[in-house]
Amino acid sequence: MSASKLVSVLLLIVLINISNNGVDAFHKVFKKLQSQSTSLESVSPLHRTAYHFQPPRHWINDPNAPMLYKGIYHLFYQYNPKGAVWGNIVWAHSVSKDLINWEALEPAIYPSKWFDINGTWSGSATHVPGKGPVILYTGITENQTQIQNYAIPQDLSDPYLKTWIKPDDNPIVKPDHGENGSAFRDPTTAWFNKKDGYWRMLVGSKKKHRGIAYMYKSRDFKKWVKTKRPIHSRKKTGMWECPDFFPVSVTDKKNGLDFSYDCPNAKHVLKVSLDLTRYEYYTLGKYDTKKDRYRPDGNTPDGWDGLRFDYGNFYASKTFFDDKKNRRILWGWANESDTVEDDTLKGWAGVQLIPRTILLDSSGKQLVFWPIEEIESLRGNNVQMTNQKMEMGQRFEVQGITPAQVDVDVTFNVGSLEKAEKFDASFATKPLELCNLKGSNVTGGVGPFGLITLATSDLEEYTPVFFRVFKDASTNKPKVLMCSDAKPSSLKTDTGSDAKQRMYKPSFAGFVDVDLADGKISLRSLIDHSVVESFGAKGKTVITSRVYPTKAVGEKAHLFVFNNGSQPVTVESLNAWNMQKPLKMNQGAK
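Summary of the structure given here. (Residues numbered from 1 in each chain as written. Predicted model: local features only at pLDDT ≥ 70, side-chain atom pairs only at ≥ 80, totals over all residues. Heavy atoms only, no water.)

## Re the overall build of the protein
A count of helices and strands for the protein gives three helices and 37 strands. Its C-alpha radius of gyration of 23 Å places the protein within 12% of the 25 Å reference for a compact globule of 590 residues. Judged by the C-alpha coordinates and their principal axes, the protein covers about 70 × 55 × 55 Å. Going through the 590 residues of the protein one by one, you find that 60% of them count as buried. Considering only contacts in the protein between residues 6 or more positions apart, those separated by 24 or more positions represent 65%. Entry remark: accessible area of the protein is about 24200 Å², with carbon and sulfur atoms responsible for 51%. (Helix = DSSP H or I, 4+ residues; strand = E, 2+ residues; numbered from the N terminus. Rg over C-alpha atoms; globule rule 2.2 N^0.38 Å. Buried < 20%, exposed > 50% of the residue type's maximum accessible area, 1.4 Å probe, protein only. Contact = heavy atoms within 4.5 Å. Areas by Shrake-Rupley, 256 points an atom, 1.4 Å probe, with all protein chains shown as cover.)

Pasting the structure below:
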């Protein structure tokens, strides 16, 4: 190996180590713990969410095959029925009429046949005319090869689809043509091209350091053939897990699109989950249906610095089209950031975040995300704040609500931008480095300002979510940074020798593309005990943090608005609502 190649490899290793969101690239196996079950009576309520999707106990990860069938919403997910760490994975299955209240059914898919005896991993659902919903999923064979299988409902008249069958003619796709059999997984929802009569789907993979989305075609949904070229690939991105591919409308800013939509007024989204870094990125571009190639617009990076659905603790996401309300809905998983020991003691790990709608931003350069409207049905007592001016160093408490379990939506007005700091272009693709350098307590010109969540009254513990406004000298336009910082979130410290097993308290950050022509910027945060989901500028930038305070818990938590910039900032309007628990949340899940 040449010296230059050696340097490149070492640099890649360093980047992986500093960018992997504190999570190992592969699920770490704890054989002694993965079958250490927790009784329902022993499950710890501390830090457990009130209105997010969770089973009563044990480990969950990727959301799988979300869909709507006969008026019933279905969510499958990777689940360990025997313990609070990864292992023993089955496809758990829950159903809902409103995406808020969930009923747990028997697991739909679990290892039982030669083509999935060592694992039933992630996949998607497709509505096939005449056949109903078909699940495509990754099975792990006895020799650890990853292959693609399908499963079908036993009774199509059952809207709950309680029983699934894995036909004996599986698998439908094997890594027989040069693919990497140890990195070949997570088939997408398939789509049908009326012009040539073929179904198409994607499978994530890699070759060395190149991430790949292979495309497969089929006329009958059983015999699948790989196309001559992948639909897309990218060097130095590593394994592409959980790919997702779908259209968004350029002209309709209210409704999502199904894949049956065939019109020039659309762009396509290709999202991949990066196994090396444990975060996701997406591009917008054009899908050439004749050549079966996807080409990004080129307006944003196609790689590690690309746009993200969520700049925080968010992974393995999956979308589906809700034809009842003409919207595309996004599910995403948030892992725990505490320790394996903590998870085992509390008896649970992982949540599915509040589902979000997806639309193309008016600029056409990015997507925007917003919590589904149904979540508002859980809102209770409301408090408001209007026209509250905040000088430098001031903070005001939001009182009269339950700060550990709240939906808060605030609009700030920054007034003049004359005091905005000059933006250093070297940080153009490094928002996290900039956030770490200029945190919530570092005085700036315009900002930092925002929310202080899950805080003690004296700020001994707190999780700030905030903006800081810079001025880009090259464009003379504002450059807005958004941060969610978990570093001061908990007094708990871990002194173990293995850094990967200590509590992970990171900051997360992203830039927000707003012109601030009217001086206004909004921030909405869904706070749920150990989850803080924050939506900047009506969902242009989203950041999720997982936090574990020791004192700012339950009724002892506080919520503030603050400004630590020299420019006064006004809380133009603030609404905060207590959030109630759903009536049903997977009670009785096994």
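## A look at unusual backbone geometry
Residue Pro171 follows Asn170 across a cis peptide bond; omega there is 0 degrees. Along the chain, Pro171 falls in the loop between strand 8 (164–165) and strand 9 (184–185). With an omega of 10 degrees, the peptide bond running from Gly447 to Pro448 counts as cis. In this model, Leu99 sits at a positive phi of 65 degrees, which is unusual for a non-glycine residue. Positionally, Leu99 belongs in the loop between strand 3 (90–96) and strand 4 (103–109).

## Details of the pairing of strand 3
Within strand 3, seven of the seven residues are buried, which leaves the element mostly enclosed by the surrounding structure. Burial of strand 3 is two-sided: the residues Val90, Ala92, Ser94 and Ser96 facing one way and the residues Trp91, His93 and Val95 facing the other way are all buried. Where strand 3 meets strand 4, four bridges bridge the pair, whose relative direction is antiparallel. Bridging across to strand 4, Val95 finds its partner in Glu103. What sits between the antiparallel neighbours strand 3 and strand 4 is a turn of six residues, in which Leu99 has the positive phi angle 65 degrees. (Pairing = 2+ DSSP bridges.)

## With respect to the layout of surface pockets
Approximately 1200 Å³ is the volume found for the second largest pocket. Looking at the second largest pocket, it is lined by 47 residues, and the ones nearest its centre are Trp191, Asp258, Phe259, Ser260 and Tyr261. Contributions of two or more residues to the lining of the second largest pocket are made by strand 1 (58–69), strand 5 (120–128), strand 10 (191–193), strand 11 (198–207), strand 15 (240–249), strand 16 (266–274), strand 17 (279–288) and strand 19 (315–322). Among the elements that make up the lining of the second largest pocket, the one with the highest residue count is strand 5 (five residues). Taken together, the residues of the lining of the second largest pocket break down into 22 nonpolar, ten polar and 15 charged. (1 Å grid on protein atoms, 1.4 Å probe; cavity = no way out; pocket = protein on both sides within 12 Å on 5 of 7 lines; lining within 4 Å. Points joined across faces, edges and corners; volume = space filled by probe spheres on them. Nonpolar A, V, L, I, M, F, W, Y, C, P; charged D, E, K, R; others polar.)

## Concerning the sheet that holds strand 5
With respect to topology, four strands assemble into an open sheet ordered 5-6-7-8, the strand pairing being antiparallel. Strand pairing shows two members of the sheet lacking a second neighbour, strand 5 and strand 8, which therefore form its edges.

## Details of the sheet that holds strand 21 (residues 348–349)
Strand order in the open sheet formed by five strands is 4-3-2-1-21, and the pairing between neighbours is mixed. Every interior strand has two partners, whereas the edge strands, strand 4 and strand 21, have only one. The pairing of strand 1 with strand 21 spans two bridges and is parallel. Paired with Trp59 across the bridge in strand 21 is Ala349.

## Focus on the nonpolar core
Phe245, Phe309, Leu367, Phe412, Phe449, Ile521 and Leu574 are the most contacted members of the largest nonpolar core, which totals 87 residues. Beyond its immediate sequence surroundings of up to four residues, Leu367 is in contact with Val248, Val269, Tyr282, Leu284, Phe309, Ile358, Leu359, Leu360, Asp361, Gly539 and Lys540. (Core = buried A, V, L, I, M, F, W, Y, C linked by side-chain atoms within 4.5 Å.)

## Structural notes on the environment of Pro55
Turning to its location among the elements, Pro55 is positioned in the loop between helix 1 (3–19) and strand 1. By relative accessible area, which is 2% here, Pro55 ends up buried. For the pair Pro55 and Gln587, spaced 532 residues apart in the sequence, the C-alpha separation amounts to 7.3 Å. Every residue in contact with Pro55, bar those within four places of it in the chain, is listed here: Arg48, Ile60, Tyr77, Tyr79 and Asn586.

## What about the pattern of salt bridges?
Throughout the structure, instances matching the rule amount to 34 salt bridges. A salt bridge links Asp292 to Arg200, with the shortest nitrogen-to-oxygen separation between them at 2.8 Å. On the criterion of sequence distance, the pair formed by Asp292 in the loop between strand 17 and strand 18 (293–296) and Arg200 in strand 11 is long-range, its members being 92 residues apart. There is no split in this pair, since Asp292 and Arg200 are both buried. For the salt bridge of Lys325 with Glu374, the shortest nitrogen-to-oxygen distance reads 3.0 Å. Here Lys325, found in the loop between strand 19 and strand 20 (327–334), pairs with Glu374, found in the loop between strand 24 (367–371) and strand 25 (379–390); they are 49 residues apart in sequence, far enough to count as distant. In this structure, a network of salt bridges that share partners links the residues Asp322, Lys325, Arg327, Glu373 and Glu374. (Salt bridge = Lys/Arg side-chain N within 4 Å of Asp/Glu carboxyl O.)

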